[in-house]
Amino acid sequence: MINLAKNYVLDELLADSKNKPDIKTYGQEINEQSYAIAKSEALITGENADNIRHGNTFTEDRFPDKHFHYMLANPPYGVTWSKDAQFIQNESANPLGRFYAGLPGSSDGQLLFLQHMISKMEREGSKIAVVTNGSPLFTGNAGGGESDIRKWIISNDWLDCIIALPKDLFYNTGINTYIWFLNNNKPKHRKGKVQLINANEPENKANGIEGFCRPEKRSMGNKRNKIESFHIEKLVEVYTSFQESAYSKIYDNDDFGYYQITVEQPEYDEKGEQVIDRKGNLKPDSKKRSKENIDLKHDIEEYFAKEVLPHVPNAWIDYDKTRIGYEINFTKYFFEFKGLRPSEEVKNEVVILDKEITTLLNDLFA
């Protein structure tokens with residue numbers, strides 16, 4: 001990944017430039033075989049092989065004093081970090097540590113990798129591209145580790161764009177994958193904004209859909225789709241134009257945040273009367289307790305009066321339990337409502353199908 005990126009910059013983007021930059025590459029890898037391959041490639045291509053180092057990124061940062069202008073990674077999905085839990089939890093308690101923003105569930109370390117990369121950003125300007133599955137986008141409750149990490153990233157205006165990739169791009173998994181782009185020095189027109197690009201649409205020439213991938217001529221494991229160079233060019237165009245379309249949505253940072261309120265209802269005794277606690281307050285019925293998510297841009301009291309009280313007039317909000325959460329829900333943002341077809345149209349199709357089946361059966365048993 002590192003050498004391909006370097007060669008692309010020098011040999012394609014800046015092929016005609018007389019003043020090419022001096023690009024130095026670095027990498028850390030825990031898998032011994034992958035590390036050996038990367039080390040060998042650095043030697044073959046004339047890179048400094050000492051800049052490719054072996055070690056566990058979570059517990060042994062091999063570049064403790066280095067920061068980088070560009071970073072890219074494809075960390076493992078859904079891999080537990082429980083064996084490194086004590087080290088990571090200790091570092092998360094340090095305000096200067098890499099994981100102080102929050103800890104995800106121990107069954108998935110993707111957001112830990114992302115925090116590590118953020119800690120390596122050059123202060124004057126740095127960009128990150130990292131591939132994840134859908135989990136880091138929305139897992140975790142308001143006030144939980146995953147949500148707090150998303151809040152930290154978005155509130156600091158580092159999240160630039162997320163691209164939802166087509167399914168079935170990889171040999172060993174067919175799950176949905178996403179590329180996160182982070183930038184700690186956004187251009188003025190992108191500040192305070194996040195662009196979402198839905199590239200999870202295969203081309204379908206029969207229906208006039210251009211899409212962002214084409215089917216492989218022959219499936220290879222779970223890999224059934226391929227992104228061609230012209231698909232990439234189209235994605236780059238969608239990104240750089242920074243305009244809304246069927247494939248591109250642009251949101252304010254706060255659009256991803258929400259208040260999670262706790263709605264209580266009174267408990268009733270055998271006589272049907274409301275129970276009063278020792279402090280003289282209504283005692284809430286824990287069995288009827290519920291939660292509501294309210295966009296940060298909405299007024300909590302107005303929402304509660306309009307959406308909750310008409311259905312449960314005796315309810316109230318326990319403000320001590322209110323939390324702020326952040327999530328990125330592609331399904332909601334790109335949802336297109338399609339109404340039901342007219343009944344007459346469906347009826348006509350059924351009649352035609354019935355005639356075709358009758359004709360086929362008559363021919364078979366003639």
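What you see is a predicted model, and the numbers here were worked out from it, not measured in a lab.

1. Things to note about the environment of Ile 149
At step 1: Mapped onto the elements, Ile 149 comes out in helix α6 (residues 145–155).
At step 2: Since its relative accessible area comes to 0%, Ile 149 is described here as buried.
At step 3: Along the backbone, Ile 149 and Leu 4 are 145 residues apart, and their C-alpha atoms lie at a distance of 30 Å.
At step 4: Among residues more than four places away in sequence, those in contact with Ile 149 are Ala 101, Gly 102, Leu 103, Pro 104, Leu 111 and Gln 115.

2. Re the layout of surface pockets
At step 1: Of the volumes computed, that of the second largest pocket is approximately 360 Å³.
At step 2: What lines the second largest pocket is a set of 20 residues, and nearest its centre among them are Leu 96, Gly 97, Arg 98, Ser 119 and Arg 123.

3. Details of the state of the cysteines
At step 1: Evaluated as defined, the whole model comprises zero disulfides.
At step 2: Sulfur of Cys 161: no disulfide; nearest cysteine sulfur belongs to Cys 213 and is 17 Å away.
At step 3: You can call Cys 161 buried: its relative accessible area is 0%.

4. Notes on the packing of aromatic side chains
What describes a pair of aromatic rings is the distance from one ring centre to the other and the angle between the planes of the rings.
At step 1: All told, the structure shown has 13 aromatic pairs when counted by the stated rule.
At step 2: Here Phe 63 and Phe 68 contribute two aromatic rings whose centre-to-centre distance is 6.1 Å and whose plane-to-plane angle is 85°, an arrangement assigned as edge-to-face.
At step 3: Residue Phe 63 is classed as buried on the basis of its relative accessible area, which comes to 6%.
At step 4: Aromatic side chains Tyr 178 and Phe 330 sit 5.3 Å apart centroid to centroid with 50° between the ring planes, which places their arrangement in the tilted category.

5. Digging into the pattern of salt bridges
At step 1: In total, this model carries 15 salt bridges according to the counting rule given.
At step 2: Between Asp 160 and Arg 190 there is a salt bridge, with the nearest N and O atoms lying 2.8 Å from each other. With Asp 160 in strand β5 (residues 159–164) and Arg 190 in the loop between β6 (177–183) and β7 (193–198), the pair connects residues that are 30 residues apart, well separated along the chain. Each of the two residues, Asp 160 as well as Arg 190, counts as buried.
At step 3: The closest approach of N and O atoms between Asp 252 and Lys 297, which form a salt bridge, is 2.8 Å. With Asp 252 in strand β10 (residues 248–252) and Lys 297 in the loop between β12 (290–295) and α8 (300–308), this pair connects stretches of sequence that are 45 residues apart.
At step 4: For Asp 252, a relative accessible area of 25% corresponds to the partly exposed category.
At step 5: Judged by its relative accessible area of 48%, Lys 297 falls in the partly exposed class.

The rules behind these values
- Within any chain, residue numbers begin from 1 and follow the written order of that chain's sequence.
- Where local features are concerned, this predicted model is filtered to residues with pLDDT of at least 70; where side-chain atom pairs are given and counted, the filter is 80 or more; whole-chain, interface and lining totals use all residues.
- Side-chain metrics in this entry use all non-hydrogen atoms of the structure; hydrogen atoms and water are not considered.
- Counting from the N terminus, the helices are DSSP H or I runs at least four residues long and the strands are E runs at least two residues long.
- Using a 1.4 Å probe on the protein chains alone, a residue whose accessible area is under 20% of its type maximum counts as buried, one over 50% counts as exposed, and one in between counts as partly exposed.
- We call two residues in contact when some of their heavy atoms are within 4.5 Å.
- Residues are said to line a cavity or pocket when one of their atoms sits within 4 Å of a point; the points come from a 1 Å grid over protein atoms alone, cavities being sets where a 1.4 Å probe fits but cannot get out and pockets being open sets with protein on both sides within 12 Å along at least five of seven lines.
- Grid points are joined across faces, edges and corners, and a volume is the space filled by probe spheres set on the points.
- Cysteine sulfur atoms that come within 2.5 Å of each other are treated as a disulfide pair.
- Centre distance within 6.5 Å is the pairing criterion for rings of Phe, Tyr and Trp, where only the six-membered ring of Trp is used; planes under 30 degrees apart are then read as stacked, over 60 as edge-to-face, and the remainder as tilted.
- In the sections that follow, a salt bridge refers to a side-chain nitrogen of Lys or Arg positioned within 4 Å of a carboxyl oxygen of Asp or Glu.

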